[in-house]
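For reference, the chains in residue letters:
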Amino acid sequence: SLPSHGTTMAETLLNAVAHAPGSANGTSVRILPIDVFGKGEATSTFEIASGIYSAINQGAQIVNLSLGGDAESPIIHDVIRAGHAQGVVFLGAAGNEPVATPTWPAAYPEVIAVTATDWNGDLAPYANRGAFVDAGAPGTHIVPFQGESYRVVGTSPATAFASGIAAAIAAETGASGPNLEAQVRQSLALEP
């Protein structure tokens, strides 16, 4: 069997935490998995909004949104706005087409929109770009699963990696809410 999208995102996030400065002493970072896809490859805006709501109610301080679409959703935006007002930091995948068209929920102002870079920090050729993009992170990761290694590529793993960096910053510095968001935006900002 192949690893699921959720499994590869969790592995990528944990890899970022494990390689962050200060990680040799262990970490307080924990993952709260919320499955909005079930067994399918698609989901609904209601399921996504419900998942975000559940994460916030269970105390998530950082929410990884390694998903996206080309349409805005008032219900998802309302839940994100409410969480952001409570100090939750959101990171969202910018999309895997080399266009500047916004991808949602990444394009909401309360979400740090993450695109993919190569290991040199240059924009990956497949990655979305544009004014809505706030940050960049490596978009290619090797993920272990059942004794095999899998290569995952895209803005979803870039977002998971960025979420891991955010979690590591929070664990190391104690930053949260707007302070954490500002540190993440600054540390992952794309070079002009």
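Heads up: the structure comes first, above all this text.
Rules used in this analysis
- Residues numbered from 1 in each chain as written.
- Predicted model: local features only at pLDDT ≥ 70, side-chain atom pairs only at ≥ 80, totals over all residues.
- Heavy atoms only, no water.
- Pairing = 2+ DSSP bridges.
- Helix = DSSP H or I, 4+ residues; strand = E, 2+ residues; numbered from the N terminus.
- Axes fitted to C-alpha atoms, helices over the stretch in contact; angles between N-to-C directions.
- Parallel < 35°, antiparallel > 145°, perpendicular 65-115°, else oblique.
- Left-handed = near helix turned anticlockwise from the far one by under 90°.
- Contact = heavy atoms within 4.5 Å.
- Nonpolar A, V, L, I, M, F, W, Y, C, P; charged D, E, K, R; others polar.
- Buried < 20%, exposed > 50% of the residue type's maximum accessible area, 1.4 Å probe, protein only.

Chemist: Even after reading the chapter, I still don't get the sheet that holds strand β4 (residues 135–138), so can you show me in this structure?
Modeler: Within a sheet, neighbouring strands are paired by backbone hydrogen bonds and run either parallel or antiparallel to one another. Pairing is parallel in the open sheet, where four strands are placed in the order β1-β2-β3-β4. If you trace the sheet from one side to the other, it starts and ends with β1 (62–65) and β4, each paired once. Taking each pair of neighbouring strands and ignoring which way they run, the sheet shows an average axis angle of 30 degrees.

Chemist: What's the story with the packing of helix α2 (residues 45–57) against helix α3 (residues 74–85) in this structure? I'm lost.
Modeler: For any two helices packed against each other, the geometry comes down to the angle between their axes and how far apart the axes lie. In the contact formed by α2 and α3, the axes pass within 8 Å of each other and the chain directions differ by 10 degrees. It follows that α2 is roughly parallel to α3 by the angle criterion. The two elements α2 and α3 cross, and the hand of that crossing is left-handed. Contact with α2, carried on its side by Thr 45, Phe 46, Ile 48, Ala 49, Ile 52, Tyr 53 and Ile 56, involves Ile 75, Ile 76, Val 79, Ile 80 and Gly 83 of α3 and no other residues of that element. Across the contact of α2 with α3, the residue classes tally to ten nonpolar, two polar and no charged.

Chemist: Explain the packing of helix α1 (residues 5–18) against helix α4 (residues 155–173) to me, please; I cannot follow it from the model alone.
Modeler: At their nearest, the axes of α1 and α4 sit 7 Å apart, and the two run at 40 degrees to each other. Looking at the two axes, α1 sits oblique to α4. For α1 against α4, the interelement crossing comes out right-handed. Packed against α1, whose contacting residues are His 5, Met 9, Thr 12, Leu 13, Ala 16 and Val 17, the element α4 presents Ser 156, Pro 157, Ala 160, Phe 161, Ser 163, Gly 164, Ile 165, Ala 167 and Ala 168 at the interface. Tallied by class, residues from the contact of α1 with α4 come to ten nonpolar, five polar and no charged.

Chemist: Explain unusual backbone geometry to me, please; I cannot follow it from the model alone.
Modeler: A cis amide bond links Trp 104 with the next residue in sequence, Pro 105, at an omega value of 10 degrees. Looking at the secondary structure, you find Pro 105 in the loop between β2 (89–93) and β3 (111–117). A positive phi angle is found at Gln 146, which is not glycine, with a value near 50 degrees. Mapping Gln 146 onto the fold places it in the loop between β5 (140–145) and β6 (148–153). The exposure class of Gln 146 is exposed, given its relative accessible area of 60%.

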